Amino acid sequence: MTNLGNIIIAIDGPAASGKGTIAKKLSEYFGLPYLDSGLLYRIVASEVIKHNIDPTKKRLVIDHVKKINFDRIDNGSLRNDNVSHVASIIAQYKEVRDVLLRYQRSFALNGVVMDGRDIGTVIFPNADYKFYITATLEERTNRRFMELLEQNSELNRNIVKNDINNRDQRDIMRKIAPLAKADDAIEVDTTFMKIDDVIDFIVKYIHKDKKS
Ligand code: CDP
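Conventions adopted
Residues numbered from 1 in each chain as written. Predicted model: local features only at pLDDT ≥ 70, side-chain atom pairs only at ≥ 80, totals over all residues. Heavy atoms only, no water. Core = buried A, V, L, I, M, F, W, Y, C linked by side-chain atoms within 4.5 Å. Buried < 20%, exposed > 50% of the residue type's maximum accessible area, 1.4 Å probe, protein only. Helix = DSSP H or I, 4+ residues; strand = E, 2+ residues; numbered from the N terminus. Domains from an automatic or database assignment. Contact = heavy atoms within 4.5 Å. Pairing = 2+ DSSP bridges. Near = heavy atom within 4 Å. Polar contact = N/O pair within 3.5 Å; in protein donor to acceptor, adjacent residues only side chain to side chain. Areas by Shrake-Rupley, 256 points an atom, 1.4 Å probe, with all protein chains shown as cover.

Details of the nonpolar core
By size, the foremost hydrophobic cluster in this structure holds 35 residues, and its most contacted members are Val44, Phe70, Ile90 and Phe124. Every element with two or more residues in this core is listed here: strand 1 (8–12), helix 2 (37–50), helix 3 (58–65), helix 4 (81–90), helix 5 (94–107), strand 3 (112–116) and helix 6 (119–123). Of the residues forming this core, the biggest block, seven residues, is contributed by helix 2. Taken domain by domain, this core gets at least three of its residues from each of domain 1 (1–33 + 111–207) and domain 2 (38–108). Those residues in contact with Val44 that lie beyond four places of it in its chain are Val65, Ile68, Phe70, Ile90 and Leu100. Grouped together as the second largest cluster of nonpolar side chains are 18 residues, Leu26, Phe30, Ile133 and Ile206 included.

Some remarks on the pairing of strand 4 (residues 129–134)
The buried fraction of strand 4 amounts to six of the six residues, a majority that puts the element mostly inside the structure. Where burial is concerned, the two faces of strand 4 agree: the one with Tyr129, Phe131 and Ile133 and the one with Lys130, Tyr132 and Thr134 are both buried. One ladder, built from four bridges, connects strand 1 with strand 4; its direction is parallel. Within strand 4, the position partnered with Ala10 by the bridge is Lys130. Pairing geometry for strand 4 and strand 5 (residues 186–189), over four bridges, is parallel. Following the sheet pairing, Phe131 is matched in strand 5 by Ile186.

Focus: the site of the ligand
Around the ligand, the surrounding shell holds 19 residues, and the nearest of these are Lys19, Arg42, Arg144, Arg167 and Asp171. Residue Arg117 places a side-chain N or O atom 3.0 Å away from an oxygen atom belonging to the ligand. Between the ligand and the protein, one listed contact pairs an oxygen atom with a side-chain N or O atom of Asp171 at 2.5 Å. Alone, the ligand offers 540 Å² of accessible surface; in the complex the protein occludes 98% of this. Listing elements by their share of the shell around the ligand, those giving two or more residues are helix 2, helix 4 and helix 8 (157–173).

Below you can see the structure in the form of structure tokens.
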């Protein structure tokens, strides 16, 4: 573990690019708290589903989001297709994003590694380091397919691919805080890289920057 103080590292990228795994490993390496911002959107989505709220009814979603306790993060049931789909619908609402923005900023008081879609652009435009993690749609589909196959052995790869692609399009096209590479972010194409190689690259980049 290397301690660089209370720094903020922003990790953004499209669905299933590996940014969560990378962010978690970096947080361990640098001894920083870790927050997967996607989980916050997934919590909102799962609450919306649980209460039978139509996610396209913006007013109903906004009224409900104010009642949610985000400290109760239960990873278990949040990683499924339906939750992902609903998360990307409710993520379009400014009022939802505002509630989560406040949570994300207050979480980072002792530094943080945070991954998501708008961390380097909107949540922490002054982050110490920003990385934009990508991989081809085919490779990202393979990664998510292998991950979800453990839960559902009858999973269809084409459905996974379509889900990822549709969600990316919705995330890129939305008006508020769309998925985008910050101008000062370092882009890392991980299509042909192993996770450890990505960590190695980022750690070396940060150490080199610290020395200069
Ligand atoms: O793990 P994966 O990349 O598939 O998704 P996630 O990071 O858990 O995010 C789920 C959905 O939440 C995304 O498709 C976005 O619509 C939304 N999201 C967002 O809008 N902004 C963030 N900072 C994080 C997630």
